[in-house]
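Breakdown of the fold
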Amino acid sequence: MAKFKFDIRCIFTQPVVKISSNLLPHTFRGDRRMAMDVSSKVSEILDRLGELSAVAQKLTKPITSAQKLRVSENQTVYLMADINDYDGDTIIGLLKVGTKNLYLFDSLGQTKKIDKARCILDFYIHESRQRSGLGKKLFDIMLAEEKWTPIKCSVDRPSEKLVRFLKKYYGLENIIPQTNKFVLYEGFFDDAEQEDRG
Ligand code: ACO
């Protein structure tokens, strides 16, 4: 498990918190001094989890880091912790999502420009906790918070595990081929709002 030397309960007043570019949990309340302390701890967590995720995906460098999130206004990292761990130091995983303006092919092979396409950017559950339903729990919390539906999400270079995960829980199977690194599923464009923006 991803353990830290400090007590993570100053960050996790609940099992899942949202972190944006200010590197503070959405639940944070406190003064400037507390904000600096909490954001430096959040940075350490993001950097470590980002590295673990990169290793798990066999990437040469992390997709998620504190520095990257700080300069990304339209990205959010959902962090999940075990708040029942009596030492108060165990992080379970992360899910980074955001929006991007993308040129995408629809199922007829026509190019469409989608503004603020919803993207799944990085997803990692610690090896010691995988396949116990925590990824699904974290993903569902993200969907509810963002008000997204899985079929409307583009996925940045999904791993085999994520491909299976999306198929198992959300029935996502039929891919619309793209020339970029994003994977879309049939149904992505079945929405007047997105078509209009194309
Ligand atoms: N082999 C095959 N399928 C897997 C595996 C595995 N080792 N692990 C998870 N899955 C899929 C399967 O569909 C599995 O169902 P099954 O056990 O009945 O076969 C299902 O996920 C399990 O669901 P959860 O327990 O809710 O998922 P989990 O907590 O394991 O989280 C995740 C899924 C995030 C993909 C996790 O396995 C992980 O961190 N993997 C390593 C990193 C990774 O590949 N991340 C995705 C990168 S791509 C991207 O982020 C855009």
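To be clear, the structure that these remarks concern was listed above.
We now turn to the structure provided with this report. All of these numbers come straight from a predicted model, not from anything done at the bench.

1. What about the layout of surface pockets?
Taken as a whole, the largest pocket spans an internal volume of roughly 780 Å³. Together, 27 residues line the largest pocket, and Gln130, Arg131, Lys161, Leu162 and Phe165 are the ones closest to its centre. Looking at the lining of the largest pocket, the elements that each hand over two or more residues are α1 (32-57), β5 (111-125), α3 (134-146), β6 (153-156) and α4 (160-170). Considering only residue class, the lining of the largest pocket consists of 12 nonpolar, 6 polar and 9 charged. In this structure, the second largest pocket spans a volume of roughly 330 Å³. Lining the second largest pocket are 16 residues, with Ile63, Leu121, Asp156, Arg157 and Lys181 sitting closest to its centre. Residue classes in the lining of the second largest pocket are distributed as 5 nonpolar, 4 polar and 7 charged.

2. Observations concerning the environment of Val17
Mapping Val17 onto the fold places it in strand β2 (residues 16-19). When its relative accessible area of 0% is taken as the criterion, Val17 is described as buried. Linking Val17 and Phe165, residues 148 residues apart in sequence, is a C-alpha distance of 22 Å. Filtering out sequence-adjacent residues up to four positions away, Val17 remains in contact with Ile11, Phe12, Pro25, His26, Thr27, Val77, Tyr78 and Leu79.

3. Some remarks on the site of the ligand
Around the ligand sit 26 residues, and of these Phe123, Ile125, Gly133, Ser159 and Lys168 come closest. In the environment of the ligand, an oxygen atom lies 2.5 Å from a nitrogen or oxygen atom belonging to the side chain of Ser159. Starting from 960 Å² of accessible surface for the ligand in isolation, the protein chains cover 88%. When each cavity is represented as a set of grid points, the ligand is found to reside in the largest pocket. Those elements giving two or more residues to the shell around the ligand turn out to be α1, β5, α3, β6 and α4.

Conventions and cut-offs
- Starting afresh in each chain, residues are numbered from 1 along the sequence in its written order.
- Local features are withheld for residues below a pLDDT of 70 in this predicted model, meaning they are given only at 70 or higher, and side-chain atom pairs are given and counted only at 80 or more; totals for whole chains, interfaces and linings count all residues.
- The basis for every side-chain value is the complete set of heavy atoms in the structure, and neither hydrogens nor water enter the calculation.
- Points on a 1 Å grid, built from protein atoms alone, make a cavity when a 1.4 Å probe fits but cannot get out and make a pocket when they are open with protein on both sides within 12 Å along at least 5 of 7 lines; residues with an atom within 4 Å of a point are the lining residues.
- Grid points are joined across faces, edges and corners, and a volume is the space filled by probe spheres set on the points.
- Strands are runs of DSSP state E lasting at least 2 residues, helices are runs of H or I lasting at least 4, and numbering of each runs from the N terminus.
- In the scheme used here, Gly and all other residues not listed as nonpolar or charged are polar, with Ala, Val, Leu, Ile, Met, Phe, Trp, Tyr, Cys and Pro taken as nonpolar and Asp, Glu, Lys and Arg as charged.
- Exposure categories follow from relative accessible area, calculated using a 1.4 Å probe and restricted to protein chains: below 20% of the type maximum is buried, above 50% is exposed, and the middle band is partly exposed.
- Any two residues having at least one pair of non-hydrogen atoms within 4.5 Å are treated as being in contact.
- Neighbouring residues are identified by heavy atoms, a residue being near a molecule or strand if any of them is within 4 Å of it.
- For the purposes of these results, a polar contact is taken to be a pair of N or O atoms within 3.5 Å, where, inside protein, one atom must be able to donate a hydrogen and its partner to accept one; residues adjacent in sequence count only when each atom of the pair is a side-chain atom.
- Method for areas: the Shrake-Rupley scheme with a 1.4 Å probe, in which residue coverage is limited to the protein chains shown.
- Any molecule with more than half of its atoms within 2 Å of a cavity's or pocket's grid points is counted as sitting in it.

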